[in-house]
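So you can see what is in the structure, the chains are spelled out below.
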Amino acid sequence: MAIHEAARQGFSKESASYERGRPEYPDGLLGWLRDSLGAKPGAQVVDLGAGTGKFTRLLARTGADVVAVEPVDAMRERLALASPGIRALAGTAESMPLDDRSVDAMGCAQAFHWFANSRALQEIHRVLRPGGKLGLVWNVRDESVDWVAAITAIITPYEGDAPRFYTGRWRQPFEQQDLFTPLECTVFANSHVGTFDQVVIDRTMSVSFIAALPDDEKRALEARLRVLRDSFPALREAEISFPYRTEAWLGARLG
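Note that the structure is a prediction, hence the values are computed from the model and not measured.

Chemist: Report on the pattern of salt bridges, specifying residues and quantitative values.
Modeler: All told, the structure shown has eleven salt bridges when counted by the stated rule. Residue Lys54 is joined to Glu24 by a salt bridge in which the shortest nitrogen-to-oxygen separation is 2.9 Å. Remark: Glu24 occurs in the loop between α2 (15-21) and α3 (27-37) and Lys54 occurs in helix α4 (residues 54-60); sequence separation between them is 30 residues. Judged by its relative accessible area of 41%, Glu24 falls in the partly exposed class. Between Arg129 and Asp104 there is a salt bridge, and its shortest N-O distance comes to 2.8 Å. Separated by 25 residues along the polypeptide, Arg129 in strand β5 (residues 128-141) and Asp104 in strand β4 (residues 103-109) bring together distant segments of the chain.

And the structure:
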């Protein structure tokens, strides 16, 4: 399957912003990875759609044998530089360079909405061992906070046809299938603490459809983001805590 153009262009152009601006994952998720997903010493675990490796590095902390699969060269290269001990393979959700029933668990963070289709589920099922677990994780902006909602209002008109988590369409492949158990969700509080440039500018520029914009449009959008500091005193602080919730969805391979 072809990579969506917004992902191919955006993640190639702004892999550095992605690494700087994306939040890490809460400490509580590490226990979920071990106890629920089954990422533990001796387990064979794949990080699918690994990006620059933020989630890959968390998986590696469990002691599992982790392999990253990522289709965008620039993202995979940055992952390899930051985590030279982790095997990073070129591949997509619909075509992974892995053997049948070779993996105990598979994690997918900030990515499944890009390839939420039946072919991807069939390929994940092929690679997982019977009973193997699939974990889907997203850091989701807390838009109950006024300035977070204002950021969302600025960037949403640019999304076009790019798949988004918030639409819920990523759930559709699970609704009529007999490959996985029904998904169960665990939610963790999370925050991204840093300067305005880190948690607002870099984070926004790492969004696929923003990263894919022409440079002049990106500069104009950045200027609009900076104006928000005039309206929201919290954004003028030297250190800003950007609120998120981390949703972790779990299913198990049937058959």
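Read on for the rest.
Chemist: Account for the environment of Gly28, with residues named and values stated.
Modeler: Relative to the elements of secondary structure, Gly28 occurs in helix α3. The exposure class assigned to Gly28 is partly exposed, which follows from its relative accessible area of 40%.

Chemist: Give me the sheet that holds β4: which residues, what numbers.
Modeler: Ordered in space as β3-β2-β1-β4-β5-β7-β6, the seven strands form an open sheet in which the pairing is mixed. In this open sheet, the two strands that pair with only one neighbour each are β3 (87-89) and β6 (184-194). For this sheet, the mean angle separating the axes of adjacent strands, direction not counted, is 25°. Bridge analysis of strand β1 (residues 44-48) against β4 gives three bridges, and the strand direction is parallel. Following the sheet pairing, Asp47 is matched in β4 by Gly107. The strands touched by helix α7 (residues 146-155) are β5 and β7 (240-252); relative to β7, the strand with the most contacts, the crossing angle is about 75°. Against the sheet, helix α9 (residues 196-205) touches β5, β6 and β7, its axis set at about 125° to β6.

Chemist: For the packing of α9 against helix α11 (residues 215-231), give the residues involved together with the corresponding values.
Modeler: Closest axis-to-axis distance for the α9/α11 pair is 11 Å, and the angle between their directions is 145°. At the point where α9 passes α11, the crossing takes the right-handed sense. Packed against α9, whose contacting residues are Phe196, Asp197, Ile201, Thr204 and Met205, the element α11 presents Lys218, Leu221, Glu222, Leu225, Arg226 and Arg229 at the interface. Split into classes, the residues belonging to the contact of α9 with α11 amount to five nonpolar, one polar and five charged.

Chemist: Describe α3, with residues and values.
Modeler: Since the α-helix packs 3.6 residues into each turn, any two residues three or four apart lie on the same face. Residues of α3 that are buried: Leu29, Leu30, Trp32, Leu33 and Leu37. Buried positions in α3, seen along its axis, are confined to an arc of 160° and lie on one side of it. When the buried face of α3 is taken as reference, the exposed residues oriented beyond 90 degrees from it are Asp27 and Asp35. Residues of α3 that are buried sit in contact with α4, β4, β5, β6 and β7. Looking at the residues trailing α3, positive phi occurs at Gly38, about 90°.

Chemist: Run through the nonpolar core, naming residues and quoting values.
Modeler: Core analysis: the biggest nonpolar cluster contains 55 residues, and Leu48, Met106, Phe112, Phe115, Ile124 and Leu136 have the highest contact counts within it. The element best represented in this core is α7, accounting for six residues.

Chemist: How would you summarise the state of the cysteines if you had to cite specific residues and measurements?
Modeler: Following the criterion strictly, the structure yields zero disulfides and no others. The thiol of Cys108 is not disulfide-bonded; the next cysteine sulfur, from Cys185, is found 15 Å away. A relative accessible area of 35% places Cys185 in the partly exposed class.

Chemist: Could you give me a rundown of α9, with the residues and numbers involved?
Modeler: Among the ten residues of α9, eight are classified as buried, and the element is accordingly described as predominantly covered. All of the buried residues in α9 are Phe196, Val199, Val200, Ile201, Asp202, Arg203, Thr204 and Met205.

Chemist: Break down the packing of aromatic side chains for me, with residues and values.
Modeler: The description of an aromatic ring pair rests on the distance of the ring centres and on the angle between the ring planes. A complete count under the given rule lists ten aromatic pairs for this structure. Ring geometry for Trp138 versus Phe165: centroids 4.6 Å apart, planes at 35°, classification tilted. Of this pair, Trp138 sits in strand β5 while Phe165 is found in the loop between α7 and α8 (172-175), placing the two residues 27 residues apart along the sequence. Both residues of the pair, Trp138 and Phe165, belong to the buried class. Ring centres of Phe165 and Trp170 lie 5.8 Å apart, and the angle between their planes is 15°; on these two criteria the pair is classed as stacked. Note on accessibility: Phe165 and Trp170 belong to one class, buried. Cation over ring: Arg229 sits above Phe196, and NZ or CZ is 4.4 Å from the ring centre.

Thresholds, definitions, all that
- Residues numbered from 1 in each chain as written.
- Predicted model: local features only at pLDDT ≥ 70, side-chain atom pairs only at ≥ 80, totals over all residues.
- Heavy atoms only, no water.
- Salt bridge = Lys/Arg side-chain N within 4 Å of Asp/Glu carboxyl O.
- Helix = DSSP H or I, 4+ residues; strand = E, 2+ residues; numbered from the N terminus.
- Buried < 20%, exposed > 50% of the residue type's maximum accessible area, 1.4 Å probe, protein only.
- Pairing = 2+ DSSP bridges.
- Axes fitted to C-alpha atoms, helices over the stretch in contact; angles between N-to-C directions.
- Contact = heavy atoms within 4.5 Å.
- Left-handed = near helix turned anticlockwise from the far one by under 90°.
- Nonpolar A, V, L, I, M, F, W, Y, C, P; charged D, E, K, R; others polar.
- Arc of directions from axis to C-beta.
- Core = buried A, V, L, I, M, F, W, Y, C linked by side-chain atoms within 4.5 Å.
- Disulfide = S-S within 2.5 Å.
- Phe/Tyr/Trp six-rings, centres within 6.5 Å; stacked < 30°, edge-to-face > 60°.
- Lys NZ or Arg CZ within 6 Å of the ring centre and 35° of its normal.

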